[in-house]
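# Fold and contact review
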Amino acid sequence: MNEEARKDWDTYFMDIAYMVSTRSRCPRRHVGAVLVQGKKLLGTAYNGAPMGVPDCSEAGCMIAEELEVVEQDGKQEMVKKQRCVRTIHAEQNLLLFTDRIDREGSSVYVTDEPCWTCANMLANSGVTEIVFHRSYPKDSDKVNEMMSQKGIVFRRLQSYEPPRETAMTVSN
Ligand SMILES: [Zn+2]
Ligand SMILES: [Zn+2]
């Protein structure tokens, strides 16, 4: 596969991940993920509350405050960050709704760089490649290190631009 052809498939599957992300009802974050084997789409998922349970658009986000280490002017500082913990992350939903046999040797396209928990689960899921677009600096170092230890291809689509209609719009 030459580099040009590969870029096209990357765009194609990342576009689908972004389309899927528009299903999310969390106003803080829309994440979409798709499972791909070769050029075949085997599953889609987005971040959301468990089925049958009020979601963020109905019950509001469930905010948790966490301390996070942030680099500022070369110094590390503890900063308080808010996170919505109501939703199951897209990557975890993807694992819940796909079969192990389909994941073996497959790729995951996900709109956002996986958090540490999702990365850990993906690393044990059978997938051999993870492609993302928006970076998530909080967990990036340890996630990258773990992926290289596992031999999982972990790459960011730097110059990718999401379809305009997938920009976050949540109506309550
Ligand atoms: Zn939420
Ligand atoms: Zn996650």
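In this text, all values refer to a predicted model and were calculated from it rather than measured experimentally.

Below, the discussion takes up the UniProt feature "domain: CMP/dCMP-type deaminase" (unreviewed entry) in the protein. Residues annotated in UniProt with the feature "domain: CMP/dCMP-type deaminase" (unreviewed entry) correspond here to residues 8–154. Measuring from the first to the last C-alpha atom of residues 8–154 gives 18 Å, for a span that is 35% helix and 32% strand.

Attention now moves to helix H6 (residues 137–150). In this model, H6 (14 residues) spans 20 Å end to end at C-alpha, consistent with the 20 Å of a helix rising 1.5 Å per residue. Of all the bends in H6, the greatest measures close to 30° and is centred on Val143. Backbone geometry just after H6 places Gly151 at a positive phi near 75°.

Another aspect to go through is the sheet that holds strand E6 (residues 129–134). Taken in spatial order, the 5 strands make up an open sheet running E2-E1-E5-E6-E7, and their pairing is mixed. The sheet is open, and its two edges are formed by strand E2 (40–46) and strand E7 (153–156), each paired on a single side. Adjacent strand axes in the sheet meet at a mean angle of 15° when their direction is disregarded. Taken together, the 4 bridges between E6 and E7 define a ladder with parallel strand orientation. Considered in E7, the bridge of Glu129 is made with Val153.

Turning our attention to the nonpolar core. Within the largest apolar cluster, 27 residues are counted, with the highest numbers of intra-cluster contacts made by Ala17, Ala33, Val34, Val108, Tyr109, Val110 and Ile130. Among the secondary structure elements, those contributing two or more residues to this core are helix H1 (3–21), strand E1 (32–37), E2, helix H3 (90–96), strand E5 (107–112), helix H5 (116–123) and E6. Among the elements that take part in this core, H1 stands out by supplying 5 residues, more than any other. Ignoring any residue separated from it by four or fewer positions in sequence, one finds Val34 in contact with Phe13, Ile16, Ala17, Val20, Leu41, Gly43, Thr44 and Tyr109.

Reading the values: the criteria
Residues numbered from 1 in each chain as written. Chains lettered and ligands numbered in written order. Predicted model: local features only at pLDDT ≥ 70, side-chain atom pairs only at ≥ 80, totals over all residues. UniProt positions renumbered as here; feature names shortened; annotations may be inferred. Helix = DSSP H or I, 4+ residues; strand = E, 2+ residues; numbered from the N terminus. Expected span 1.5 Å × (residues − 1). Bend = angle between axes of the 7 residues up to and from the residue. Pairing = 2+ DSSP bridges. Axes fitted to C-alpha atoms, helices over the stretch in contact; angles between N-to-C directions. Core = buried A, V, L, I, M, F, W, Y, C linked by C-beta atoms within 7 Å. Buried ≥ 20, exposed ≤ 12 C-beta atoms within 10 Å, placed from the backbone. Contact = placed C-beta atoms within 7 Å.

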